[in-house]
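Analysis of the macromolecular model
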Amino acid sequence: MDNKFSKFLVVTLITSILIFPSVLSVSGDEPIIASRISEITEISLIAVPNYNKPNTTLFSINVTVEILNRDDENQTVTEVADCYPKVCINASFVNQSLELGPKALCDDLFTDFTYSPNITTEYEIVRFYITQSGLSQLPDGNYTLGRPINTASKYGTGEPAEVLLTFIQVISGAINITYTNFTIQTLPEVSLAFTSQLVTIFLISSAILVIKRKRTKVH
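Bear in mind that the values here come from a model prediction, so they are computed numbers and not experimental data.

The next point concerns the side chain of Thr64. Within the secondary structure, Thr64 is located in strand E3 (residues 57-69). Leave out the neighbours within four places in its chain, and Thr64 touches Arg36, Ile37, Ser38, Glu39, Thr41, Thr121, Glu122 and Tyr123.

In structure tokens:
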């Protein structure tokens, strides 16, 4: 490839990028704040003879929570209520007559929390009852846990946060836990349209070069 054609190809590619910037898609528009449950350390049965919910069984799950601040500065979020625990749980059971009821205490006051850059770790104990007495283990079904964060965003207080869920599946008493990991995308991804455009330019330029060389040989 001669120098003139090399320069022509480079100029063509640069011009194409400048003229068609819209074909670049950056997949980095992730929420600044995200939460996930990184570990479930214990699932246990709580024996409470005087518990005020008859015909139920009380359970607890010990969890480790990670809150990620993707920014390089402190970020403050607002919760519509200050609850303990802050982790929520729900379930769908194989036995559809069963129901799950969480145990939580909340102060119905808007509360601000500030998170430093990177990951903040929390430890929670999630207590809940299931509407059947005498259970010795979690009933078969699918359980979902998540740590809601920046719950006041729907009222216009700050940007929505990302809540990554953890799943517990119980089949015949066997427990399988699936965690969701954070994603941190900092580099732009080139769209298929842009890639196709570059390939087309290269093929056309190559064809021009071949024709040029043939004409040179003829002369």
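Past the structure itself, the notes keep going.
What follows deals with the confidence of the model for the protein chain. Reading predicted coordinates in detail is not appropriate for stretches of low pLDDT. When the pLDDT values of the protein chain are averaged, the result is 81; 70% of them are 70 or greater. Low confidence marks residues 13-27, where pLDDT is under 50. Its contacts with residues over four positions away, or in another chain, come to 19 contacts. Scored below 50 in pLDDT, residues 186-192 makes nine contacts in the model with residues more than four places away or belonging to other chains.

Each strand in a sheet pairs with another by means of backbone hydrogen bonds, the pair being arranged parallel or else antiparallel. Here we have five strands laid out as an open sheet, ordered E7-E10-E3-E2-E12, and mixed in their pairing. Where the open sheet ends on each side, the last strands, each with one partner, are strand E7 (100-103) and strand E12 (162-163). Of the strand pairs in this sheet, strand E2 (residues 33-46) and E12 are connected by two bridges, and their pairing is parallel. Looking across to E12, one finds that Ala34 is bridged to Glu162.

Another aspect to go through is the state of the cysteines. By the definition in use, this model includes one disulfide. For Cys83, the disulfide goes to Cys106, at an S-S distance of 1.9 Å. Since a negative S-S torsion denotes a left-handed disulfide, the Cys83-Cys106 link at about 115 degrees is right-handed. Of the two residues, Cys83 sits in strand E5 (residues 82-84) while Cys106 sits in strand E8 (residues 105-107), which places them 23 residues apart along the sequence. With no disulfide of its own, Cys88 lies closest to Cys83 among cysteine sulfurs, the gap being 7.4 Å.

Glancing now at the packing of aromatic side chains. This model, assessed by the stated rule, comprises three aromatic pairs. Ring geometry for Phe59 against Phe128: centres 5.9 Å apart, planes inclined by 20 degrees, an arrangement best described as stacked. You can see Phe59 sitting in strand E3 and its partner Phe128 sitting in strand E10 (residues 118-130), a full 69 residues away along the chain. Its end group placed over the ring of Phe182, Arg36 keeps NZ or CZ at 5.4 Å from the ring centre.

Tallied over the entire structure, the rule returns five salt bridges. The salt bridge partner of Glu30 is Arg70, with a shortest N-O separation of 3.7 Å. Remark: Arg70 occurs in the loop between E3 and strand E4 (75-79) and Glu30 occurs in the loop between strand E1 (24-25) and E2; sequence separation between them is 40 residues. On the basis of relative accessibility, which here comes to 22%, the residue Arg70 falls in the partly exposed class. Note that Arg147 and Glu122 form a salt bridge whose closest N and O atoms lie 3.1 Å from each other. Placement of Arg147 in the loop between strand E11 (141-146) and E12 and of Glu122 in strand E10 is noted, with a sequence separation of 25 residues between them. Here Arg147 matches Glu122 in class, with each residue buried. Salt bridges linked by common partners bring Glu30, Arg70 and Glu162 together as one network.

The next thing to look at is the sheet that holds strand E13 (residues 166-171). One open sheet accounts for four strands, arranged E6-E11-E13-E14; its pairing is antiparallel. Because the sheet does not close on itself, it has two edges, and the strands there are strand E6 (88-93) and strand E14 (174-178). Averaged over all adjacent pairs, the angle separating strand axes in this sheet is 15 degrees, with direction ignored. Inspection of the sheet shows E13 paired to E14 by five bridges, in the antiparallel sense. Opposite Ile168, over in E14, you have Ile177 as the bridge partner.

Analysis parameters
- Residues numbered from 1 in each chain as written.
- Predicted model: local features only at pLDDT ≥ 70, side-chain atom pairs only at ≥ 80, totals over all residues.
- Heavy atoms only, no water.
- Helix = DSSP H or I, 4+ residues; strand = E, 2+ residues; numbered from the N terminus.
- Contact = heavy atoms within 4.5 Å.
- pLDDT = per-residue confidence, 0-100.
- Pairing = 2+ DSSP bridges.
- Disulfide = S-S within 2.5 Å.
- Phe/Tyr/Trp six-rings, centres within 6.5 Å; stacked < 30°, edge-to-face > 60°.
- Lys NZ or Arg CZ within 6 Å of the ring centre and 35° of its normal.
- Salt bridge = Lys/Arg side-chain N within 4 Å of Asp/Glu carboxyl O.
- Buried < 20%, exposed > 50% of the residue type's maximum accessible area, 1.4 Å probe, protein only.
- Axes fitted to C-alpha atoms, helices over the stretch in contact; angles between N-to-C directions.

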